There are 2 protein chains.
Amino acid sequence: MNPDIMKERQNATFNIEKLTNILDGGPEKTKRRREIESMVLSDPDFQEEDQNFLSRSERYDQAVRKSAQMILKLREYGIADPEEIYIYKNCVHPDRPEPLDLHLGMFLPTMLNQATAEQMDRFFMPAWNLKIIGTYAQTEMGHGTHLRGLETTATYDPATQEFVLNSPTVSSIKWWPGGLGKTSNHAIVLAQLYTQGNCHGLHAFIVPIRDMNTHKPLPGIVVGDIGPKFGFHEVDNGFLKLENVRIPRENMLMKYAKVEPDGTYMKPPSTKLTYGTMVFIRSLIVGESALALSKSCTIAIRYSTVRHQSELRPGEPEPQILDYQTQQYKLFPLLATAYAFTFVGKYMRETYHRISGDIHQGDFSELPELHALSAGLKAFTTWAATSGIEVCRMSCGGHGYSCSSAFPDIYVNFTPTCTYEGENTVMMLQTARYLVKSYRQVKAGQQLSGLVSYLNEPKQRIQPQTVAARPTVVDINDLASLVEVYKQRAAILVELAAKSIQQELQHRKSQEDAWNNSSVDLVRASDAHCHYVVVKLFTDSLGEIGDIMIHSVLSTLALLYALHGIKNNSGDFLEAGLLNVPQVHQTSVRIKELLNQLRPNAVALVDAFDLHDKKLKSVLGRYDGNVYENMFEWARRSPLNATEVHESFHKYLKPLRAKL
Amino acid sequence: MNPDIMKERQNATFNIEKLTNILDGGPEKTKRRREIESMVLSDPDFQEEDQNFLSRSERYDQAVRKSAQMILKLREYGIADPEEIYIYKNCVHPDRPEPLDLHLGMFLPTMLNQATAEQMDRFFMPAWNLKIIGTYAQTEMGHGTHLRGLETTATYDPATQEFVLNSPTVSSIKWWPGGLGKTSNHAIVLAQLYTQGNCHGLHAFIVPIRDMNTHKPLPGIVVGDIGPKFGFHEVDNGFLKLENVRIPRENMLMKYAKVEPDGTYMKPPSTKLTYGTMVFIRSLIVGESALALSKSCTIAIRYSTVRHQSELRPGEPEPQILDYQTQQYKLFPLLATAYAFTFVGKYMRETYHRISGDIHQGDFSELPELHALSAGLKAFTTWAATSGIEVCRMSCGGHGYSCSSAFPDIYVNFTPTCTYEGENTVMMLQTARYLVKSYRQVKAGQQLSGLVSYLNEPKQRIQPQTVAARPTVVDINDLASLVEVYKQRAAILVELAAKSIQQELQHRKSQEDAWNNSSVDLVRASDAHCHYVVVKLFTDSLGEIGDIMIHSVLSTLALLYALHGIKNNSGDFLEAGLLNVPQVHQTSVRIKELLNQLRPNAVALVDAFDLHDKKLKSVLGRYDGNVYENMFEWARRSPLNATEVHESFHKYLKPLRAKL
């Protein structure tokens, strides 16, 4: 072990293992997680070539091999608990997507939710046994977020009792579904249903796309891979063009809506169940934001204790770069964010599970708030993590740019979370819609409950204009007090956005234009709401921590998170008169003190995430700190070093001499 | 041509070609640039496979082929003007680095500057004719920014009149030099010179590393590629481990420092010339920031007029996504930034050329300010561009994530500018050092000139604490007035940083600790200084524009740039009492008006950058707006579509069925 990093661990003021247990949800959970991880990591069937040394096709090939193994082993070992499957899968494909993701995560669940008994008989077991491999084809080249705009058609032909599916335009070609390009032989296709001359909107159809034996595309099917992307190299995101493809009537998923043999359309009973699924997926994404930041901080902080550079004091040895205040200022607020998001992700999942029983019994009362919150938090956390990964990468200098650091892979595989499952700006506006609606309810005399109840307190708020008029009661060293100012900031910004809409309406704008002309303010209000919720939930979580030393260091992190957010948005707090100038100045000073205070525990705090080297896959972030030897080792294995002389020398460089 | 984008062009209020001429520096320059571009773009010898479809080795191979062709053609056509070579090269390798960059940009120039006449005879012509291909090996695995820390040794042996070069540790292995891995047969190696038992610091040595005929590594040389990186796939950044490598005494570059045959060391006369080179390279990087943002805005804005999504008004067709305020709020401030940096880059190059005559005559009076400014602006602009590219990419939704958008390539090839030629935080601190020094000179009674002269005006500044005490004289619609508040903000933040150091010293900290403990404030001060300079230079440039319509639209951009910067840093302006709350609020309102005002000219403003489709290489950013057809075309050419059925189906998926 590198002596620098060893010393760091000796300096920690708390028990790392205990913190790991808290993050896992108890010592038993830690134990079981490690058991599952070691099943995968010690299994020779899951050994892999470093993906950085492979071509796209080889990466896909390796991923398919491992996914096939994974299916076999999960059944062999009888691992069936969703959480344990999640852990297992994320070890087999270390936090990377894989070709069967949509088969397992969308095709099978959609069958379970929307297939009739007859359809279950016909499709489910073959799909369970990977005879049928399916994907979920919704997004089109020209339409993502706005589902009503999708153009694919399914027209019912009563003469043959078939649906005829078509991609009427180039922009209607299905585009992006994972596993569609090469892996799947079936797709659940979302299409506008036409029958008896009327369009009945989007419905789901099971469409065979490749021959079950030869795997060749069926007639009328144009299918393929959409080409290389920033990341997701293991996944064959695909396109699908349908040219008069006929499927039997019984291939429409008919548990809810139906088309009778004569073409009569039967409406579905309205359902909000998909609403719940979205909430669940978005809370998972909040957890992924936490994980991406945890990994990035682990790499950057460990490396920053191993790397020595420049001089702080003349004549003395080069200091560890983590001793530079600027480096701490980059990394420690991100470390605090990683912890904040970890607790928020946990809260979201727990809340979802708590109310999901209600949901299935048709009680949706708590869902709207959670839905609005999950939309905003998905955007808030993924944006923060996306930029945070890059700050961590660049804090490692040139070596962060090498694939050996793992940062390039972490970034390109994480950043799509800002776009999928609801584009972030659209998500922020969804949350804003809920906030403005709540605000208007208060104005109409209603009393709100839950996380938006702060909108109830009109007398607590003051006009943006009256800076410095407000007596100063905020204690910037007290988390409860900081939660309060974040809350008031949110209240004021929601009001500001609502008033902007009102002003637009007074200028005779339509509702829609008024909304659009206020959308910058609306996003700002959502952002403030989410920021408040994160500070609040992080603070609340501290209450559950019994260990004094851990409570102390996490409180320091929470304080840093809250104060750093104030510093970065000091204009909001000053504008609203929530803080005065000396307090803002004091915030900057206090942040620097907190950096100092956290310094001895920095490595211990990332160690507590307990990310196995084989999952982290980073030369810079190795647990043992032996960076340089291993970087040299890694480079020598690079394919460009397979030959001493690259053929281009003989082809171009040597012949060039004769011509000059 | 796509009708939407055609309509955009018809709506423009100014003559696009005239603006292009202004950006190029006159109609003649535009003409010549286009001539050179078409030489390359119409030349079949420079045709290339889409690099996204190639393996790393193929990308390198293609780049070497094109570089060899480029050398031949530049000589054939007699293109010798550095600016024209730059244009030509950036067409051959569209804004990508290439394997001969260090040979042409570092090896040959270093020879010219530091080689003796005898060395020029021996090395220069062979290098000019690509018999010798060289690189510049400075950075080591364990040392980048801090040159004195480099560990490679060159020990003089008078018995044989040779230097013996060694890499004494793993961390001393040369790491990162471009072209070192596979391309070069020589390297200029920076090493600590030892002779007669003393170390004389870093000196440069010409070291043959590969056999001139077989290209195999020479004895004692361990050389290779450092492996895959985030980007720079065309370049063989390499490593070099030296094991008792002997070179003749005459291979030390001895124009300045010398080692006599008996080992006597002769010191060089001190020179600040390299200082000038750094300034020049950093001003080029400011221009690259402008280019990267120009490209990104071109792609995102054109695509945002072609893409339709969702509903603004019920029942109406889906609007162009550029009509959403949130989209404008993402893109137009970046467009303004692209223009701002374009003018700043121009100013920096012109200033460098203006004073470079003085420099060569030993007059360095203007250099310190320009040196400090170029360091800060390099950091300021590359940080802004790096994050701006990603905002543009994500504003294009899922398609921005496809390599067909060109964003992934733009990002990964641009982001290293934040690290190389001086790591950004280190650069900001260099600028801060100059600012604090200037501040202290004022305190000591000196009068400053140049861009830091604002530090002279102590009576204009007020204490941070006295918010709202200051009479409001700022007109947020007047650029000159905004330049003034940016200037005052910089002055206040420089003072704040200087006072932080002072306070630390009063607490009995050493100079070095005081500096380190204030470095967050110092970076903030530099940032404010650079921001002021950018607003000022952008505003100044408007004075030179005669065309009324162009002057008008660029003034709107400059105003947006300045106000957006105020909004994002409103805390600073409020804290310092430079703006009051109603003004900050008014800034937000005004920004929304400016977005509206710019909307009709958005496409015309990116068209004016005149980035040829073949250089842009983006399906989303095509001049004709025909995005979807071409995206489909592009995807079908992807290597994963070369076969209908991927071999992994037969290898893994089909056999899996039998096992389940």
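Everything below is about the structure shown above.
On a plain count of helices and strands, chain A comes out with 22 helices and eleven strands. The C-alpha atoms of chain A give 27 Å as radius of gyration, which agrees with the globular expectation for 660 residues (26 Å, within 12%). Taken along its principal axes, the extent of the C-alpha atoms in chain A is 85 × 80 × 65 Å. By residue count, 62% of the 660 residues in chain A fall in the buried class. Summed over its atoms, the accessible surface of chain A is roughly 24400 Å², and 53% of this surface lies on carbon and sulfur atoms. Each charge class in chain A can be summarised by its mean position, and for the 70 positive and 73 negative side chains these summaries are 3 Å apart.

Our focus in this paragraph is the pairing of strand E3 (residues 162-166) of chain B. Residue and element names in this part refer to chain B. In this sheet, E3 lies alongside strand E2 (residues 153-157) in antiparallel orientation, the contact comprising five bridges. By the bridge assignment for E3, Thr155 is matched with Val164. Adjacent in sequence and paired antiparallel, E2 and E3 are bridged by four residues, among which Gln161 carries a positive phi angle near 55°. Relative to strand E9 (residues 245-248), E3 runs antiparallel, the two being bridged by four bridges. Considered in E9, the bridge of Val164 is made with Arg246.

Applying the stated rule across the entire model yields 40 aromatic pairs over all chains. Ring centres of Tyr411 of chain A and Phe230 of chain B lie 6.3 Å apart, and the angle between their planes is 80°; this geometry places the pair in the edge-to-face category. Here the residue Tyr411 of chain A occupies a position in helix H11 (residues 407-414), and Phe230 of chain B occupies one in the loop between strand E7 (221-225) and strand E8 (238-242), the pair thus bridging two chains. For the pair Tyr411 of chain A and Phe230 of chain B, a shared accessibility class is recorded, and that class is buried.

Here we come to the relation of the copies chain A and chain B. The two chain copies are related to each other by a rotation about an axis together with a translation along it. Overlaying chain A on chain B yields an RMSD of 0.1 Å, the required transformation being a rotation through 180° with an accompanying axial translation of 0.0 Å. In the structure described here, the two chain copies are related by an operation that fits a two-fold rotation axis. No C-alpha of chain A lies nearer the rotation axis than that of Gly571 of chain A, which sits 1.8 Å from it.

A word on empty space enclosed by the protein. Residue and element names in this part refer to chain B. A full pass over the atoms with the stated rule returns eight cavities of 30 Å³ or more. Approximately 80 Å³ is the volume found for the second largest cavity. Lining the second largest cavity are ten residues, and of these Ile492, Leu493, Asp572, Glu575 and Ala576 sit closest to its centre. Counted by class, the lining of the second largest cavity contains five nonpolar, one polar and four charged residues.

This brings us to the sheet that holds strand E7 (residues 221-225) of chain A. Sheet strands line up and pair through hydrogen bonds in the backbone, either parallel or antiparallel. Residue and element names in this part refer to chain A. One open sheet accounts for three strands, arranged E4-E8-E7; its pairing is antiparallel. Edge positions in the sheet fall to strand E4 (174-175) and E7, since each of these pairs with one other strand and no more. The pairing of E7 with strand E8 (residues 238-242) spans five bridges and is classified as antiparallel. Bridge pairing in E8 links Gly224 to Phe239.

What counts, and where the lines are drawn
- Residues numbered from 1 in each chain as written.
- Chains lettered and ligands numbered in written order.
- Predicted model: local features only at pLDDT ≥ 70, side-chain atom pairs only at ≥ 80, totals over all residues.
- Heavy atoms only, no water.
- Helix = DSSP H or I, 4+ residues; strand = E, 2+ residues; numbered from the N terminus.
- Rg over C-alpha atoms; globule rule 2.2 N^0.38 Å.
- Buried < 20%, exposed > 50% of the residue type's maximum accessible area, 1.4 Å probe, protein only.
- Areas by Shrake-Rupley, 256 points an atom, 1.4 Å probe, with all protein chains shown as cover.
- Lys, Arg positive; Asp, Glu negative; His and termini not counted.
- Charge placed at Lys NZ, Arg CZ, Asp CG, Glu CD.
- Pairing = 2+ DSSP bridges.
- Phe/Tyr/Trp six-rings, centres within 6.5 Å; stacked < 30°, edge-to-face > 60°.
- Least-squares fit on C-alpha atoms with pLDDT ≥ 70 in both.
- 1 Å grid on protein atoms, 1.4 Å probe; cavity = no way out; pocket = protein on both sides within 12 Å on 5 of 7 lines; lining within 4 Å.
- Points joined across faces, edges and corners; volume = space filled by probe spheres on them.
- Nonpolar A, V, L, I, M, F, W, Y, C, P; charged D, E, K, R; others polar.

All we've got here are geometric facts, nothing functional implied.
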